[in-house]
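# Overview (structure and organization)
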Amino acid sequence: MRDREVGGKMSSWLRSISNLSNASRTGATWIGVAVLTVAFPWIADTQAAASSGQSRHVNAQRLQVNLEKLSEFGRNPEGGVTRLGFSQTEIDARTYVMGLMKDAGLEVRVDAAGNIFGRRPGTAPLPTLLFGSHIDSVPHGGNFDGTVGSLGAIEVIRALNDGHVTTRHPLEVVVWTNEEGPHFGISALGSGVAAGVLGPEILDRKDEEGLTLADWLRRYGQDPAHLTGARIPRGTLAAILELHIEQGPQLYETKVQIGVVQGIVGLKRWKCIATGFANHAGTTPMNRRKDALAAAAKDLLAVRDVVRAEPGRQVGTVGYIKAEPGAPNVIPGRVEFPVELRDLDAGTIERMWEHIQQRFAQTDKEEGVETRCAVINDIAPALSDASVQSVIREAARSAGLSTADMPSGAVHDAGEISRLTPMGMIFVPSRDGISHAPQEFSTWDDVANGTEVLYRSILKLDKQMNAR
Ligand code: GLV
Ligand code: MN
Ligand code: MN
């Protein structure tokens, strides 16, 4: 109920904001810069230097080297990576990243959900400023999703060390476990556990090989019985920040350097099983079949029809289809497919799902099959904190970078942690808006820009935030 209210408020708020022209706001920034430049010529130098990287605190080259090294873990011949959450490939990559954290002087610990934290003490007894992302990928994914925010966070610590900068708040870099979720079907798993949204009910979930989540946590060196020990107690965080690639086309197409995220979509995911009757493909007359695959084919088009039936930014996807027994001469008797719906308003997701279920029931009747769906993932929409957004905007502008406010159609770990503490996200452009694919790419300059904005945002928050 509370989530629905938040989602409802957020979507009307975001819709009204998205009516403002990003271009005009960006334009206003540059007009402002031009006016200031005439009056104070040295400001122009700073702006130009920041854009060309000269006045950055973060070391763009060091970050690039580390990201390129990380991209070797799970590299695919066609480019990109397959580094699923809970896999040996990810274990190896985690070891590499923990080494980077230690090299940066961080005190490293792993919680019971497998989330990795690296701590840098503050000078005052204040709650922690937390920032980071994830290093797992989707199958055949890209090299920038999650990794930029994870290694960018470590680079911020390196830059603070290089400048001998101390902070009042303790700083923690975090690398969340299994953000993507194809393995076990749960996105933002580690952050969901840390936020108290997920608990021991997920431990018995089995993967394709029959291993449970509990088995995998043991492989990650954790005791699943202590899973709830990974919950972050309320009041211990000052804020959560996440740097990430946009994964969509807005920044790239409008040539804006930094996205300030206003809110993150909610996501609900079901696993559906259509059960028919496996029978001989040559001898069973067409009017006597219970073809589960024919039913599933109608169902997946019904998902698309329902999602498209009303205006808005809502999306719906059937990401795979598995037919059994899977032979050309057998009518499929059982089909598994997921349904995933996303929107900034949780109420819209529920409404779409009701319509989809009606369409599935109709297909069942027409095809003589039975389709059952169970929820496997439910992530509520999340709002960014207004004052954290302002800090990010100011940080970007202080570095001479243009900004646009925007919603996120991808889910992020920071969204789950926003249930505990003020949240903000920094986006950098994705070439051609491509993500979750080997072609995913952000320029090294954009990666460094985003990291510099993270650096400046952390320092601004450290100055501005009082103890809670
Ligand atoms: C994660 O990238 C997601 O939005 O699925
Ligand atoms: Mn991501
Ligand atoms: Mn992703």
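Let me begin by describing the structure that accompanies this report.

## Section: the pairing of strand E2 (residues 116-120)
Judged by how many residues are buried, E2 sits mostly within the fold: 4 of 5 residues are covered. Sheet topology places strand E1 (residues 107-110) next to E2; 4 bridges connect them, and they run antiparallel. For Val-108, the partnering residue across the bridge sits in E2 and is Gly-118. In this structure, the hairpin formed by E1 and E2 is closed by a connection of 5 residues, where Gly-114 is found at a positive phi of approximately 90°.

## Quick notes on the coordination of the manganese ion (ligand 3)
Ideal geometry at a metal centre: 109.5 degrees between donors when four sit tetrahedrally, and 90 or 180 degrees when six sit octahedrally. Coordination sphere of the manganese ion (ligand 3), protein contribution only: Asp-145 (OD), Glu-180 (OE), Glu-180 (OE) and His-436 (NE2), at 2.0 to 2.6 Å. Written as a sequence motif, the donor arrangement for the manganese ion (ligand 3) is D-x34-E-x255-H. Using a relative accessible area of 8% as the deciding quantity, one classes Glu-180 as buried. What makes His-436 partly exposed here is its relative accessible area of 38%.

## Here we look at the site of ligand 1
Lining the immediate surroundings of ligand 1 are Glu-179, Glu-180, Arg-342, Ala-410, Val-411 and His-436. In the environment of ligand 1, an oxygen atom lies 3.2 Å from a nitrogen or oxygen atom belonging to the side chain of Glu-180. One of the backbone nitrogen or oxygen atoms of Val-411 is found 2.9 Å away from an oxygen atom of ligand 1. In the complex, 96% of the free accessible area of ligand 1, which totals 190 Å², lies under the protein chains. Given that more than half its atoms are within 2 Å of the pocket grid, ligand 1 belongs to the largest pocket. For the shell around ligand 1, a count of residues per class yields 2 nonpolar, 1 polar and 3 charged.

## Considering the packing of aromatic side chains
Going through the model one piece at a time under the given rule, you end up with 11 aromatic pairs. Both rings, one in Phe-73 and one in Tyr-96, keep their centres 5.6 Å apart while their planes meet at 25°; by these two values the pair is stacked. Remark: Tyr-96 occurs in helix H5 (residues 88-103) and Phe-73 occurs in the loop between helix H4 (60-70) and H5; sequence separation between them is 23 residues. Taken individually, Phe-73 and Tyr-96 each receive the classification buried, so the pair is uniform in this respect. A ring pair is formed by Trp-270 and Trp-353, whose centres lie 3.8 Å apart and whose planes are at 15°; its orientation type is stacked. With Trp-270 in strand E7 (residues 266-275) and Trp-353 in helix H11 (residues 346-367), this residue pair connects regions lying 83 residues apart in the sequence. For Trp-270, a relative accessible area of 2% puts it in the buried group.

The rules behind the values
Residues numbered from 1 in each chain as written. Chains lettered and ligands numbered in written order. Predicted model: local features only at pLDDT ≥ 70, side-chain atom pairs only at ≥ 80, totals over all residues. Heavy atoms only, no water. Buried < 20%, exposed > 50% of the residue type's maximum accessible area, 1.4 Å probe, protein only. Helix = DSSP H or I, 4+ residues; strand = E, 2+ residues; numbered from the N terminus. Pairing = 2+ DSSP bridges. Donors = N, O, S within 2.8 Å, 3.2 Å for Na, K, Ca; no water. Near = heavy atom within 4 Å. Polar contact = N/O pair within 3.5 Å; in protein donor to acceptor, adjacent residues only side chain to side chain. Areas by Shrake-Rupley, 256 points an atom, 1.4 Å probe, with all protein chains shown as cover. 1 Å grid on protein atoms, 1.4 Å probe; cavity = no way out; pocket = protein on both sides within 12 Å on 5 of 7 lines; lining within 4 Å. Sits in = over half its atoms within 2 Å of the grid points. Nonpolar A, V, L, I, M, F, W, Y, C, P; charged D, E, K, R; others polar. Phe/Tyr/Trp six-rings, centres within 6.5 Å; stacked < 30°, edge-to-face > 60°.

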